[in-house]
Amino acid sequence: MSQISLPFEWHASGGDAAGAGDFLVSDANRLAVAHLERWRDWPLSVSVLTGPPLSGRSTLAGHFAQMSGGEIIDDAQGKSAGQDEHYLFHAWNEAQTHRRPLLMIGHAPPASWTVALPDLRSRLAAVPHIAIEEPDEALARALICRAFDLAGASYAPDVPDWLLRRVERRYGAIAEVTRLLDREALSSGRKISVAMAKETLQSAGFLPIVPPDPSTDQRE
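The paragraphs below set out a description of the structure included in this document.

**Let's talk about unusual backbone geometry**
Line of reasoning, step 1. One non-glycine residue, Leu 54, adopts positive backbone phi at about 70 degrees.
Line of reasoning, step 2. A positive phi is found at Arg 99, a non-glycine position, where the angle reads about 55 degrees.
Line of reasoning, step 3. Mapped onto the secondary structure, Arg 99 falls in the loop between helix H5 (84-98) and strand S3 (102-106).

Below, the structure written as structure tokens:
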């Protein structure tokens, strides 16, 4: 899918898009990207961005801040429990007063956050919430290839698709498996092949993850 390999391009007039290639866009995150690009149209000056670990939340938020001049509160979900509730509450009010966009980042929808302060709880209930989903097939494949390319690992062209059929469709699982194969390739001097990947992942207890389909792969 060509849109997967395209760099993340900001269409707004402000901001420098340097480093935008660090973010890959697919159906898993397209709605989040579109919402942040349209920050001028937000009904409130605040939004909440959530997503799984390693999903690129901070990268996407950084591009948003660069484009909009807005403020980011990372781990807002963690700050919502305890004394930092007042910090979030005042940041919300400042964003509304000065019409400066504020993006709060968490790993779950704000309705599930632990919030004792009633005024903050009511505000979070009204906030627009956008989520990055776990990677779809196209994004998962792109992430596998990019991880190998960034590490400088030499790999056979059939390895990404072989891994795609076996690795859990999670950002964390993809990162862990590709790091493991990168380390093995570096320490052994071997090219990452299907045979090498199978041997390494079985030794590490990663395989079998997804039952193979005998009709499509006879190399098990």
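**Here we look at the pattern of salt bridges**
Pairing is possible between side chains of opposite charge, provided their charged atoms come close.
Line of reasoning, step 1. Throughout the structure, instances matching the rule amount to 4 salt bridges.
Line of reasoning, step 2. Across the pair Asp 27 and Arg 30 runs a salt bridge, and its minimum N-O distance is 3.3 Å.
Line of reasoning, step 3. Classification of Asp 27 as exposed rests on a relative accessible area of 58%.
Line of reasoning, step 4. For Arg 30, a relative accessible area of 31% corresponds to the partly exposed category.

**Section: the pairing of strand S1 (residues 46-50)**
Line of reasoning, step 1. A large share of S1 lies buried, amounting to 5 of its 5 residues.
Line of reasoning, step 2. Residues Val 46, Val 48 and Thr 50 of S1 are buried on one face, and the alternating residues Ser 47 and Leu 49, pointing to the opposite face, are buried as well.
Line of reasoning, step 3. Both S1 and S3 contribute to a ladder of 5 bridges, which runs parallel. Each bridged residue has a counterpart across the sheet, and for Thr 50 the counterpart in S3 is Gly 106.
Line of reasoning, step 4. In this structure, S1 lies alongside strand S4 (residues 129-131), joined through 3 bridges in parallel fashion. The residue of S4 that forms the bridge with Leu 49 is Ile 130.

**With respect to the sheet that holds S3**
Hydrogen bonding along the main chain pairs the strands of a sheet, whether they run parallel or antiparallel.
Line of reasoning, step 1. With parallel pairing, the 4 strands of this open sheet are ordered in space as S2-S3-S1-S4. Across the chains shown, the open sheet's two edge strands, defined by having one partner strand only, are strand S2 (71-73) and S4. The sheet shows a mean angle of 25 degrees between the axes of neighbouring strands, taken without regard to direction.
Line of reasoning, step 2. On top of the sheet, helix H2 (residues 30-37) reaches S1, S3 and S4; it is set at about 140 degrees to S4, its chief contact.
Line of reasoning, step 3. Along the sheet, H5 contacts S1, S2 and S3; its crossing angle with S3, the most-contacted strand, is approximately 150 degrees.

**Topic: the pairing of S3**
Line of reasoning, step 1. Among the 5 residues that make up S3, 5 are buried, leaving the element largely enclosed by the rest of the structure.
Line of reasoning, step 2. Neither face of S3 is exposed, since Leu 102, Met 104 and Gly 106 on one face and Leu 103 and Ile 105 on the opposite face are all buried.
Line of reasoning, step 3. Bridge count for S2 against S3 is 3 bridges, and the pairing is parallel. For Ile 72, the partnering residue across the bridge sits in S3 and is Leu 103.

**Brief notes about the packing of H5 against helix H6 (residues 118-126)**
Line of reasoning, step 1. Orientation of H5 relative to H6, taken along the N-to-C sense of each, is 55 degrees, at an axis distance of 9 Å. With respect to H6, the element H5 is oriented oblique. Considering the relative orientation of H5 and H6, their crossing is left-handed. Facing Glu 85, Leu 88, Phe 89, Trp 92 and Asn 93 of H5, the residues of H6 in contact are Asp 119, Leu 120, Arg 123 and Leu 124.
Line of reasoning, step 2. Each residue belonging to the contact of H5 with H6 can be placed in one class, and the counts come to 5 nonpolar, 1 polar and 3 charged.

**Quick notes on the environment of Trp 39**
Line of reasoning, step 1. Within the element layout of this structure, Trp 39 appears in the loop between H2 and S1.
Line of reasoning, step 2. Residue Trp 39 is classed as buried on the basis of its relative accessible area of 16%.
Line of reasoning, step 3. As a C-alpha pair, Trp 39 and Met 67 span 28 residues in sequence and 9.5 Å in three-dimensional space.
Line of reasoning, step 4. Excluding residues within four positions of it along the chain, Trp 39 makes contact with Phe 64, Met 67, Ser 68 and Pro 101.

Rules and cut-offs
Residues numbered from 1 in each chain as written. Predicted model: local features only at pLDDT ≥ 70, side-chain atom pairs only at ≥ 80, totals over all residues. Heavy atoms only, no water. Helix = DSSP H or I, 4+ residues; strand = E, 2+ residues; numbered from the N terminus. Salt bridge = Lys/Arg side-chain N within 4 Å of Asp/Glu carboxyl O. Buried < 20%, exposed > 50% of the residue type's maximum accessible area, 1.4 Å probe, protein only. Pairing = 2+ DSSP bridges. Axes fitted to C-alpha atoms, helices over the stretch in contact; angles between N-to-C directions. Contact = heavy atoms within 4.5 Å. Parallel < 35°, antiparallel > 145°, perpendicular 65-115°, else oblique. Left-handed = near helix turned anticlockwise from the far one by under 90°. Nonpolar A, V, L, I, M, F, W, Y, C, P; charged D, E, K, R; others polar.

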